[in-house]
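Residue strings, one per chain:
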Amino acid sequence: MSTVDEAAEERFSINPARVGLYLTLGGLLVFFLAPIETGVVTSLKTPDAVGTTSPLVPSVEGFTLDNYATAVSELLPGMVNSLLYAVPATILSALFGSFAAYGLTLTDWRGQIGVLLLFVAGIFIPYQAVLVPLTRLFSVLGLSTLGIWGLLGIDNAYAGIVELIITHTAYGIPICAILFRSYYKGMSEEMLESARLDGATVRRAYRRIVFPLSTPMFAVVLIYQFTQIWNDLLFALVLVQAESSAAAPVTLILAGLGASQSGTIFGLRMAGAFVAALPTLAVYVLFGEEFAKGVAT
Amino acid sequence: MATFSEVRELLKRVARTDDGDTTSDSETATDAGSATGDEVATDGGTTRSDGSATTDEPRIDGSEVATDGGEVKTDGGVQQSDGGLRATLEDRVGEDFLESAPFWLPPVLLVGLFVYGAVLWNAVISLTDYEGFDDPDYFDLDFDMYVQALTSSQVIDAGVNTLVLMVGFTVVALVFGLLIAVVVDRNIRFENTFRTIYLLPMSLSFVVTAQFWLWMYDYDGVLNNSLGLLGLGPFEFIGNQQIVLASVVFALVWQFSGYTMVVYLAALRAIPTEHFEAARVDGASVVKMYWRVIVPQLKSATVSASVVLMVFSLKAFDFLFALVGGYRPPNGADILATKMVREAFQNQNWAYGSAIAILLFLMALSVIGPYLYYEYTNDNL
């Protein structure tokens, strides 16, 4: 906006406009952090203290870790289940997305734009429009009736995990493909072209050139996709259904945690919310830049 | 698969008629030869099953480009059409079409089946009377479910709520996000920290943020406590059906304005510095400068952000479900997404739910369709 000197001067000088600016920024911080702050404070209070003290102020005599103990014991199996499908589905959808973006961007054939249009539209389709066929499809496939569950001695409810892997992979492909495409479009075409002229096949060019160069974008896509899949409730709800199921993901249990407990135990709910959000919060704190990139594209 | 082999046959026939062209065109022949060995071998296999080809195994390998092209001419007949098939196909569609198929075809098939196949299947189910635990009867199709849905006051209300939520949330989140972006863009210290915190809610699940806001909106929660200091309230933010939708919009804006901020920030940074300078030299006030010079340049960012926000609002199901921990959202906050899931998965009215889903889908399409057209005509895809 101005030269470097002016900028430096502007940064360190004190004038009313700058003060107003930082007050606004501070006000925004309060706005964005207040729900989280009251959540932290409340999760550390006994039910009595929740009723008697201010929601934004910690309470010393009403301090307890019981909420977290309960929340962890209730949610831990769900977190394991969520990981069981979120990790494979994240990796698969990222790989398929990269393949698709490569085959639709860095190779030469007509009709790529048409296919891409279908992919972009696929990102935006409300999932309600596919839910009934999806459950029909899986009930016809009957994954839970396969003998393999009995052979392995695993609860056949875990068929729901397999279904969730397939589902999240399929519905994750469009967004992953578009993210990779925006990256591949900026990639140097000369390098690829010279490789192809040297006789490298499409497959070889991907393995030797495109895939290694995709590492930064894989970070973005994997982080974005993991957050999306971990946070999802809808597919878990219609495919696993019961929060009492052995395969119930963490979001399903958390949504039920409120309903099964008496509605007033906010301390437990807040603790549960933080426990369930822990992996995505960790990912966000560690890889905030990549997350922002995934969001912005 | 049936259609695929049909296409193949068709292409073969086309290739035969084009024989003269392809054989004389040495470059196309080279292209055909340089393709991977296994694919060519498959082609050889199918030709042999026609009964007309002979044992020319080494040549089909395709490793020796020059001899391949050469021998095609002398051999004539079937081999010619085989090389011609590839050549013609690649001539028509592009040289990498078949070779890159292993990359794009599996994802395209998955998306085709799970997204587009499922939407079509859903449309068919919506025409049946499918309910309960029976199987759908695909031979008795009519529009009964749509008549029932469009005459139901519940569905109409849910539709209106969906629209209000969609428009209200999108507009407020856009304006608020733009304001934050403008503030953050003013050469501030600790910019990364501010940005990271503003974007934080976006990384949280709807299920998690619903818990936070349930507590924020509670009788003993932060909002009623703060308003109480001003001598206002207490309000039933969730319980009062006049304001529950506004409460939901407010919570969603909290979660997503960080997203609009990031989008607008990127767009603001892309505007050349001279534009800011020019406005400043003209003596325009800051507000005027942004309004006249900067805002018009944010059009494409606004378009893509609004589409994403609208779609998120159509997906607000997770938030509403988690808010009450059940299929029935608070009175006054029922949207088509929650109504659809409730009818289908709680009441087992599968066909009815599917019909509502199609209505929702059409609403989404009326947003996505123009957007895709806009992006396509602007060459942004």
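Residues numbered from 1 in each chain as written. Chains lettered and ligands numbered in written order. Predicted model: local features only at pLDDT ≥ 70, side-chain atom pairs only at ≥ 80, totals over all residues. Heavy atoms only, no water.

Q: Explanation requested: the overall build of chain B in the structure shown.
A: Looking only at helices and strands, chain B has 20 helices and zero strands in total. Considering chain B as a whole, with its 381 residues, one finds that 51% of them fall into the buried category. Nonlocal contacts in chain B, meaning residues at least 24 apart in sequence, comprise 69% of its contacts between residues at least 6 apart. (Helix = DSSP H or I, 4+ residues; strand = E, 2+ residues; numbered from the N terminus. Buried < 20%, exposed > 50% of the residue type's maximum accessible area, 1.4 Å probe, protein only. Contact = heavy atoms within 4.5 Å.)

Q: Looking at this structure, how should I read a nonpolar patch on the surface?
A: A cluster of nonpolar side chains, A:Leu146, A:Ile148, A:Leu151, A:Leu152 and A:Ile154, forms an exposed patch at the surface whose accessible area comes to about 510 Å². Structurally, A:Leu146 is set in the loop between α6 (128-141) and α7 (148-152). (Patch = residues over 30% accessible without salt bridge, like charges linked within 9 Å, V, L, I, M, F, W, Y side chains within 5 Å. Areas by Shrake-Rupley, 256 points an atom, 1.4 Å probe, with all protein chains shown as cover. Salt bridge = Lys/Arg side-chain N within 4 Å of Asp/Glu carboxyl O.)

Q: How do you make sense of the domain arrangement of chain A when you look at a structure like this?
A: Interface extent is often summarised as the accessible area lost during association of the parts. Residue and element names in this part refer to chain A. Looking at the assigned domains, one finds that chain A contains domain 1 (3-52) and domain 2 (66-296). The distance between the C-alpha centroids of domain 1 and domain 2 comes to 33 Å. Taken together, the contact pairs seven residues of domain 1 with seven residues of domain 2. Taking both partners together, domain 1 and domain 2 bury about 560 Å²; carbon and sulfur atoms supply 72% of that area. Of all residues in domain 1, the largest losses of buried area upon contact with domain 2 belong to Gly-39, Thr-42 and Ser-43, amounting jointly to 55% of the total for that side. (Domains from an automatic or database assignment. Buried area = accessible area lost by both parts, 1.4 Å probe.)

Q: In this structure, what is going on with the domain arrangement of chain B? I would like to understand it.
A: All names here are of chain B. Entries for chain B in the domain assignment read domain 1 (87-124) and domain 2 (135-377). The C-alpha centroid of domain 2 is placed 33 Å from the C-alpha centroid of domain 1. At the interface, five residues of domain 1 touch six residues of domain 2. Across the domain 1 to domain 2 interface the summed buried area is about 470 Å²; carbon plus sulfur atoms make up 62%.

Q: Mind showing me how you'd approach the packing of aromatic side chains here?
A: In this description, a pair of aromatic rings is defined by centroid distance and the angle of the planes. Tallying each qualifying case throughout the model produces 39 aromatic pairs over all chains. The interplanar angle of 20° and the centroid separation of 5.2 Å between the aromatic rings of A:Tyr171 and A:Phe235 together place this pair among those described as stacked. Of this pair, A:Tyr171 sits in helix α8 (residues 159-185) while A:Phe235 is found in helix α12 (residues 234-239), placing the two residues 64 residues apart along the sequence. For A:Tyr171, a relative accessible area of 6% gives the class buried. Aromatic pair B:Phe143 and B:Tyr146: ring centres 5.9 Å apart, planes at 50°, arrangement tilted. Residue classification places B:Tyr146 among the buried positions, given a relative accessible area of 12%. Among the aromatic residues, those joined into a ring-pair cluster are A:Phe31, A:Phe32, B:Phe176, B:Phe194, B:Tyr198, B:Trp213, B:Tyr217, B:Phe235, B:Phe237, B:Phe250 and B:Trp254. (Phe/Tyr/Trp six-rings, centres within 6.5 Å; stacked < 30°, edge-to-face > 60°.)

Q: When you look at the interface of chain B and chain A in this model, what are you seeing that I'm missing?
A: Residue-level contacts link 101 residues of chain B with 97 residues of chain A. Summed over both sides, the interface between chain B and chain A buries roughly 9400 Å², with carbon and sulfur atoms accounting for 74% of that surface. We note a salt bridge from B:Arg195 to A:Glu289, for which the minimum N-O separation is 3.4 Å. Our count for the contact surface shared by chain B and chain A stands at 20 residue pairs in polar contact (both at pLDDT 80 or more). (Polar contact = N/O pair within 3.5 Å; in protein donor to acceptor, adjacent residues only side chain to side chain.)

Q: Help me out: how do you make sense of unusual backbone geometry in this one?
A: Across the chain, the bulk of peptide bonds are trans and the bulk of non-glycine residues have phi less than zero. One non-glycine residue, A:Gln241, lies in the positive phi region at around 70°. Tracing the sequence through the fold places A:Gln241 in the loop between α12 and α13 (250-260). Phi at B:Phe190 is positive, roughly 55°, even though this residue is not glycine. By the element assignment, B:Phe190 lies in the loop between α10 (153-184) and α11 (191-199).

Q: So what exactly am I meant to see when it comes to the pattern of salt bridges here?
A: Oppositely charged side chains are able to pair whenever their charged atoms sit close together. Per the stated rule, a full pass over the model turns up seven salt bridges over all chains. In this structure, B:Arg269 engages B:Asp185 in a salt bridge whose closest nitrogen and oxygen atoms are separated by 2.9 Å. Highlighted residues: B:Arg269 in helix α14 (residues 244-270) and B:Asp185 in the loop between α10 and α11, separated in sequence by 84 residues. Under the relative-accessibility criterion, B:Arg269 is labelled partly exposed at 42%. Exposure remark for B:Asp185: the relative accessible area of 9% places this residue in the buried category. B:Glu343 is paired through a salt bridge with B:Lys339; the nearest N and O atoms lie 3.0 Å apart. In this pair, B:Glu343 and B:Lys339 are both assigned in helix α19 (residues 336-346), four residues apart and thus about one turn of the helix distant. We note that B:Glu343, like B:Lys339, is buried. The network of salt bridges with common partners includes A:Glu289, B:Asp185, B:Glu191, B:Arg195 and B:Arg269.

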